[in-house]
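Spelled out from the first residue to the last, the chains are:
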Amino acid sequence: MATTTMINSTEFPATFSMMTGIPDSWHESLISALVAVCGTLFNFLSLLYFIKHDSEQLGSKLLILLNVFDLCVCTSSALTVFLELHNSARGPIESVSYALDVLLAVYVVAGESTAFSTCLLSVVRCWCLSLPFNRVTTRSLVRSTSCFLLYIVSREAAFVVLTWTCQDYHGCGLATFEVVRHYLTIGSMSVIIFLVVVSNAISIKKVISSRGSEDLVEVTKRAAVTVLLVSANFCLYNTSFIVLFCYFLKIPHAQARGNKTIRVLEYLTYRVFLPMNSATNPLIYLVRKLEMRQFVLGLLNRMRLFFVPDCGGQIDTDHSHTEELVNLTTSKTAD
């Protein structure tokens, strides 16, 4: 049987594997779906831009990596909401319950991988500013990312297999494995947040004291500010996640289930804050990158012409209008 129907203990901690923030009403489902769907769309458009404007720069490759994991977070969150609505409307179905377990594992893997990618982005930026003659190679980043993915995928795969095969929550080691799993998550997230904060503090200090040509200093400053905004966005949502997560671990399952306030906090933490972090990252890229604004406005203009063929004769006019919008946006937003 799937996780949602197997374990009946009433005294284990109210951890996220058992309390997945299931929406309690249609408007909660609507909020979750809206955040996840918008995040999927934003990250898809952002990824299209990065693929079309392929760059050999290390920072661009790290942004693509972060973009991919953000897309996985939002997509898995959206699919989870839709499957839960399906179960709610037609009753629990075993195959759907299995799918929900897998989607939850994908969600956890993508969420922690997003944190790891943000940490890589901050640390590499700090390294390049502090030690410009000791370059970070792409090979070393591939190795570190592969090791992290091997760890997180193996951990979540083992947990899913245990929940499907374990008949006794306390007797087969699942309870111990779950507690270790959650403390590993809390510990890794805390270390990542610490590294992100320290790395950005050092980067800002280096940018302020940097010397050289005016153009080079400006480019360095723009890149550092972009990384700082992405990192601040990450810390904002994930710090609240860790605080609430630690709080949940101390609450007996039965008490948490009967406490509406705890349920709402758990729903916001797991189903709103985490996907919102991934959904807002592409908006930061859009604000900071002129080329991305041009790409998105041009794409929207082509879509409008596709759905309204009568305007086909006004392509040049519309293209000029798009350029005017880009210039107006550029004048109001400093890159």
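Before any of the text, the structure's been laid out above.
Summarised in this report is the structure supplied together with it. Bear in mind that the values here come from a model prediction, so they are computed numbers and not experimental data.

1. Quick word on the packing of aromatic side chains
Next, step 1: Across all of its chains, the model carries eight aromatic pairs by this definition.
Next, step 2: Aromatic ring contacts, followed pair by pair, group Tyr49, Phe50, Tyr285 and Phe295 into a single cluster.
Next, step 3: Directly above the ring of Phe159 sits Arg181, whose terminal nitrogen or CZ lies 4.0 Å from the centroid.

2. Comments concerning the pattern of salt bridges
Oppositely charged side chains can pair when the atoms bearing their charge come close.
Next, step 1: One pass over the full model with this rule turns up four salt bridges.
Next, step 2: Arg155 is the salt-bridge partner of Glu156, the closest N and O atoms lying 2.9 Å from each other. Of the two residues, Glu156 and Arg155, both sit in the buried class.

3. Some remarks on the side chain of Arg288
Next, step 1: Its place among the elements puts Arg288 in helix α9 (residues 260–288).
Next, step 2: Residue classification places Arg288 among the buried residues on the basis of a relative accessible area of 13%.
Next, step 3: In this structure the side chain of Arg288 is engaged in a polar contact, spanning 3.2 Å, whose partner is the side chain of Thr226.

4. Let's talk about empty space enclosed by the protein
Next, step 1: Within this structure, the stated rule accounts for two cavities of 30 Å³ or more.
Next, step 2: In this model, the largest cavity occupies a volume close to 280 Å³.
Next, step 3: At the level of elements, α4 (94–130), α6 (174–208), α7 (214–249) and α9 are the ones that each hand at least two residues to the lining of the largest cavity.
Next, step 4: Among the elements that make up the lining of the largest cavity, the one with the highest residue count is α4 (six residues).
Next, step 5: The class makeup of the residues in the lining of the largest cavity is 11 nonpolar, eight polar and three charged.

5. Considerations on the nonpolar core
Next, step 1: Counting 24 residues, the largest nonpolar core has Leu121, Leu141 and Tyr285 as its most contacted members.
Next, step 2: At the level of secondary structure, the elements contributing two or more residues to this core comprise α2 (26–52), α3 (58–90), α4, α5 (138–165), α7, α9 and α10 (290–307).
Next, step 3: If one sorts the elements of this core by residue count, α4 sits on top with five residues.

So, how was this worked out
Residues numbered from 1 in each chain as written. Predicted model: local features only at pLDDT ≥ 70, side-chain atom pairs only at ≥ 80, totals over all residues. Heavy atoms only, no water. Phe/Tyr/Trp six-rings, centres within 6.5 Å; stacked < 30°, edge-to-face > 60°. Lys NZ or Arg CZ within 6 Å of the ring centre and 35° of its normal. Salt bridge = Lys/Arg side-chain N within 4 Å of Asp/Glu carboxyl O. Buried < 20%, exposed > 50% of the residue type's maximum accessible area, 1.4 Å probe, protein only. Helix = DSSP H or I, 4+ residues; strand = E, 2+ residues; numbered from the N terminus. Polar contact = N/O pair within 3.5 Å; in protein donor to acceptor, adjacent residues only side chain to side chain. 1 Å grid on protein atoms, 1.4 Å probe; cavity = no way out; pocket = protein on both sides within 12 Å on 5 of 7 lines; lining within 4 Å. Points joined across faces, edges and corners; volume = space filled by probe spheres on them. Nonpolar A, V, L, I, M, F, W, Y, C, P; charged D, E, K, R; others polar. Core = buried A, V, L, I, M, F, W, Y, C linked by side-chain atoms within 4.5 Å.

Keep in mind that these numbers describe shape and distance, not what the molecule does.
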